[in-house]
Protein chains: 4
Amino acid sequence: MNTMATPAPSRQSRKIPDGAAPPSTTRVAVAGATGFTGQELLRLLSRHPAVTLTAATSSGATAARKLPALTRLWEGTITPLDADALVREADVVVMALPDQAAADLAPRLADRGLRVVDLSGAFRLRDAAARARWYPETHAVPPGVVYGLTEHARAAVSGARLVANPGCYPTAALLALVPLAQAKLLSPGADVIVDAKSGVSGAGKTATERTHFSEVHDSLSAYGVFGHRHNAEIEEGFGGPVTFTPHLLPIDRGILETIYVRVPPGTTEEHLGDIYERAYANETFVRLTGASLPEIKHVAHTNFCDIGWRVDPSGRVVLISVIDNLLKGASGQAVQNLNVMLGVDERLGLL
Amino acid sequence: MNTMATPAPSRQSRKIPDGAAPPSTTRVAVAGATGFTGQELLRLLSRHPAVTLTAATSSGATAARKLPALTRLWEGTITPLDADALVREADVVVMALPDQAAADLAPRLADRGLRVVDLSGAFRLRDAAARARWYPETHAVPPGVVYGLTEHARAAVSGARLVANPGCYPTAALLALVPLAQAKLLSPGADVIVDAKSGVSGAGKTATERTHFSEVHDSLSAYGVFGHRHNAEIEEGFGGPVTFTPHLLPIDRGILETIYVRVPPGTTEEHLGDIYERAYANETFVRLTGASLPEIKHVAHTNFCDIGWRVDPSGRVVLISVIDNLLKGASGQAVQNLNVMLGVDERLGLL
Amino acid sequence: MNTMATPAPSRQSRKIPDGAAPPSTTRVAVAGATGFTGQELLRLLSRHPAVTLTAATSSGATAARKLPALTRLWEGTITPLDADALVREADVVVMALPDQAAADLAPRLADRGLRVVDLSGAFRLRDAAARARWYPETHAVPPGVVYGLTEHARAAVSGARLVANPGCYPTAALLALVPLAQAKLLSPGADVIVDAKSGVSGAGKTATERTHFSEVHDSLSAYGVFGHRHNAEIEEGFGGPVTFTPHLLPIDRGILETIYVRVPPGTTEEHLGDIYERAYANETFVRLTGASLPEIKHVAHTNFCDIGWRVDPSGRVVLISVIDNLLKGASGQAVQNLNVMLGVDERLGLL
Amino acid sequence: MNTMATPAPSRQSRKIPDGAAPPSTTRVAVAGATGFTGQELLRLLSRHPAVTLTAATSSGATAARKLPALTRLWEGTITPLDADALVREADVVVMALPDQAAADLAPRLADRGLRVVDLSGAFRLRDAAARARWYPETHAVPPGVVYGLTEHARAAVSGARLVANPGCYPTAALLALVPLAQAKLLSPGADVIVDAKSGVSGAGKTATERTHFSEVHDSLSAYGVFGHRHNAEIEEGFGGPVTFTPHLLPIDRGILETIYVRVPPGTTEEHLGDIYERAYANETFVRLTGASLPEIKHVAHTNFCDIGWRVDPSGRVVLISVIDNLLKGASGQAVQNLNVMLGVDERLGLL
């Protein structure tokens, strides 16, 4: 994980100065606009002051059609996916496609000079063996790919041709873990456990037995134990083995991760606070709550990641990290990365 | 709607006297055992003291299989549907099948001497024109069919060959409306409106866009306005036109119906109370709450229908009727009807 | 209800032209900033481009304190309520106070030259007898009070000294009913029924038995039948008797109202569509869905009111009107009214 | 934790043989009958074939009153708490009282010859120092107290004067951990982590900010980190240090615990299965799901504890244990213990 090479913008005022948006706007297209993350992208980009949303495509569309749910917000149409049209109509393409489709399309767009933010998993793993195991549909990784955990990769994102937007679970885990790892505070050899709980929108829009209301409501279940692709992504970003257990929560949006690490006995909560302050004091989208542990409701419908921590005298640490899986865990972070790529204020369209 | 011809059993004690169950038990099969109502039937019948659950079939099964969710409750197996086997193994078949399958199977079983409780809509409507419109898959209605709204059809159910178990919405509506209609209290010509709200289990187990968690959760929507088949069933049971609007609630089980009728100005809540007491004072499964309006949580996971009412001086009446759609609205009432058919205590297996 | 005297602004583009915000901003204070609607006001106003949020008060505060939930969004402090300070620090006060406190404070602020948007019920009813019955704490109504159902009162709001912001239930009901009433389409003497369902945030932030999670979750209940104060407000806005039954939904935010009226037999859905189009075609915040009935999820977290309708050949009409009770039903409409009062683009801070 | 000294009853048939209930029934009272667990006790005991529910008390009651929610289920009355009356009217008292009240009442009842099942925490901890820290209101522990984790304490419960019914979190944790600890399979020195998630009913019936619907719904939060009294109870039952993190789920009832332990590398899931089978093969109320991990919905409204497990080659184990917190985690296990104390079939009233 890269350290921050570029300073974060000031976060003094929520109202962004007029000069923050460039005089002429960038043409942006959304490929895969009808899933949960695609819809969020349309909502965010349709009001983004530095961007013109020029196209929104869906592989399921056979003819142009309106989106009633976006009436008054975006009056454009969804069109069938057409790579040539994207090249003509857009400078940047934000892709919310299945892994296979993303693995195919992204290199073609990058070859033809477009910049891409890819929300799929196709290009997230740097390690070739891990990628071959978890994303066999990815046949080649184009040059200039950057893993876009914005707060830790700002400089690289700034010049990237293709940003691999992090997965939802890894975003919450790595924003909490990376500062402690970089500070070399974690006890070597001690277990790192990420017990993660996610809302159902993380499972996507397809109707399956698992997403049936009566299956999820009033319940909780673990899934993908020892076999979830985000485990590899967390381990690569963290730089070591991690036990990762995702659970399906009876809510629509939001992730809470309870993370167990060990630090030297006697380490205080203040000490951890100093480390997190150094990492995030100037970051708009990471909020530190200390011993007041954060809750999903505080970040739902926002691009924030809230992080809290508790330590006991033995050095047992419990970290809590929460995000909205569709925003900071997907479309919000994608727009944040887009802003960095365009050199505009990182908060545009997100506050 | 028939008036009660047979008195309801005493409800003095929840503990049912030992003599209530006959010395030898009846062999009962469940056809369609893997849907929501089928599962409830297995739960109810597996602990029923007067019944032996001899078979449970599913048209989707290709070989016998266990149901892990029923471990320790029922250790039998689900087998492929086979009418001949049902005839050999059962005296009574409770059918929780789609309308088409029920329309085909029920007459065949009845012809071969079995008694049937049918939870589908295939045989609920007496009016041939209405049935042809709403249930075109029903080609013939065997003799001896009884519409089994238990509290109002006990004598007929007792001798029935085939009981058409009422729909969930009609059960809640008719238990509230029939006593007022029989008492001739309703103002002629005034609108009767049933604004109904149901949990998602009423939509069945199939995964569709409409039953996706993210679609239902945190929302409410009306559906089937002017076109729901239960409207015809309510009108037939009530004996007049009814405006019926169902809504999909973000809960799993339970129905609340808010029913608007008019009575002569000056009619009091006490007067309505007298009418309901006459109808239901001796009924175990209908509870009257008067002006303390009932809530879904009071009846969820039970076979009760709770009914409350308010009247204003102009004669405007608001009735609230609540049931658990899978129990009193389906499988619970089916077992209640089964008990009546067998001549055993109506409460067996239900309290 | 007034007809629209001032044309609605164009809704062609979600991106509001730069000139829409005046060069110098208005100083706005929020009185009652810690309840659900107060928090929404802080969220909305802290990013409003034409407003400076100069004060936020709470009668419960004994000293200035920060709001952690608004970190990065609003870095101001909550201070104890102090009318003199409000007069010094604000040009307009938006009040989210209990009725009693609002009845006391609003006239004092208006007397001293401030303009006020009042979210309480204290000044909503024009009829003195009705007000004395439902809002006995209101001792006097200052001159210049306007009932602020924005789409139907724009001209009056524009010059108002004190805007009585409509209640949540009346907003959804009246936006659907007023166009039909104004078109004189409703059958005289026929019942008008508003069957309303609201999320729990409408009951306020105080912890009571009724707002306990275990009481509300998985349930539905009617309350306030024949005795809810919003009934009088709906009847005054509509101009006739209305049967109103509110229900408590197991969701946090959102209202759906199912409204039953009668029109002359043969009236078509297209005819109703023409009437609604005339009323709302140029309105940003009212969206017409026709026979595709709207759902709460489409308006949650927005300032929209979505209205749909169905008609049968007999003239029975079912209207569905949905809003977010905390936005279009409270704080969103308050900001919309504030925009009208300030003469700025009505959409500022709301899209 | 004691090993099983008495064999579990056969679980071959859900239908309990007639001889299982003694000819004369035991008089049982419920002290503290209006909270969530008290209500469950009334529901369970009112239909229990070997028990007569002779009294139900509430310290809040000032006069005898009916419980409308139990109409048709239990027609008795709630009376003010009166120890003398309990002694006269009951042979066994099941207490669902706050810790302080239980610490006071239980010894007095035991002194006067009654047997007691106590659902509070007052007598759960054997270690005096731990008890003084976590339950300072407990001034003395009467002789004959047994910690009633039924499956592991059957013989002792059988002769107990006072059964300390286990806490909800400890029940789920210990049923999963004890067999592995007794088999000496756990790697010494490795962390044992219990990441627990509970429905809101576990927080009790009192309306607080924390139990407000709008606070819990659509959210998830950790609480009591390093400071929950159940941590001490789990550690005492397990016999070693445990990191325990409870979370509040947006559901009403149910607990899922994700438990992380380490076993020697190469240990297989089959090996763990053998251990669990030895512990629970004859137990009715513990069901083993192996690698098909259990979910809350499978045990809600039942007295089952479902346990599943996964192991990776390094010896990392993830256990999932689920219960209904009000049944197996409180009132259900209390009735199970009562049955053992009375020498009747352990399943009476619970299936």
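Peer 1: For this particular structure, what's the right way to read the domain arrangement of chain A?
Peer 2: By a widespread convention, an interface's size corresponds to the accessible area lost as its parts come together. All names here are of chain A. For chain A, the domain assignment lists domain 1 (26-165 + 329-342) and domain 2 (169-325). Taking the mean C-alpha position of each, domain 1 and domain 2 sit 25 Å from one another. Taken together, the 22 residues of domain 1 in the interface contact 26 residues of domain 2. Surface buried jointly by domain 1 and domain 2 totals about 2,100 Å² across both partners, of which 50% is contributed by carbon and sulfur atoms. Sorting the residues of domain 1 by area buried against domain 2 places Phe36, Trp134 and His152 first, and these three jointly supply 29% of that buried surface. Our enumeration of links across domain 1 and domain 2 arrives at 4 salt bridges. With its nearest N and O atoms 3.0 Å apart, the salt bridge here joins arginine 253 to glutamate 40. Here domain 1 is connected to domain 2 by 15 residue pairs in polar contact (both at pLDDT 80 or more). Elements with a minimum of two residues in the side of domain 1 that touches domain 2: α1 (36-46), α5 (150-158) and α10 (327-342). Taken together, the residues of the side of domain 1 that touches domain 2 sort by class into 7 nonpolar, 7 polar and 8 charged.

Peer 1: Is there a simple way to explain the state of the cysteines in this structure?
Peer 2: Note on terminology: a disulfide is the covalent bond linking the sulfur atoms of two cysteines. Applying the stated criterion across every chain, the model contains 0 disulfides over all chains. No disulfide involves cysteine 168 of chain B; its nearest neighbouring cysteine sulfur is the one of cysteine 305 of chain B, lying 12 Å away.

Peer 1: Help me understand the relation of the copies chain A and chain D, please; the structure alone is not making it clear to me.
Peer 2: Least-squares fitting of chain A to chain D yields an RMSD of 0.0 Å, with the superposition described by an axial translation of 0.0 Å and a rotation of 180°. Both chain copies can therefore be described as sitting about a two-fold axis. Both copies share a contact surface, since 100% of the interface residues of chain A are interface residues in chain D too.

Peer 1: Would you mind going over the packing of helix α6 (residues 168-182) of chain C against helix α10 (residues 327-342) of chain C with me for this structure?
Peer 2: Think of two packed helices as two axes; the pair is described by the angle between the axes and how far apart they sit. All names here are of chain C. Viewed as axis vectors pointing N to C, α6 and α10 meet at an angle of 95°, and their least axial separation amounts to 8 Å. The angle between the axes of α6 and α10 places the two elements in the roughly perpendicular class. Facing Cys168, Thr171 and Leu175 of α6, the residues of α10 in contact are Lys328, Gly329 and Gln333.

Procedures and definitions
- Residues numbered from 1 in each chain as written.
- Chains lettered and ligands numbered in written order.
- Predicted model: local features only at pLDDT ≥ 70, side-chain atom pairs only at ≥ 80, totals over all residues.
- Heavy atoms only, no water.
- Domains from an automatic or database assignment.
- Contact = heavy atoms within 4.5 Å.
- Buried area = accessible area lost by both parts, 1.4 Å probe.
- Salt bridge = Lys/Arg side-chain N within 4 Å of Asp/Glu carboxyl O.
- Polar contact = N/O pair within 3.5 Å; in protein donor to acceptor, adjacent residues only side chain to side chain.
- Helix = DSSP H or I, 4+ residues; strand = E, 2+ residues; numbered from the N terminus.
- Nonpolar A, V, L, I, M, F, W, Y, C, P; charged D, E, K, R; others polar.
- Disulfide = S-S within 2.5 Å.
- Least-squares fit on C-alpha atoms with pLDDT ≥ 70 in both.
- Axes fitted to C-alpha atoms, helices over the stretch in contact; angles between N-to-C directions.
- Parallel < 35°, antiparallel > 145°, perpendicular 65-115°, else oblique.

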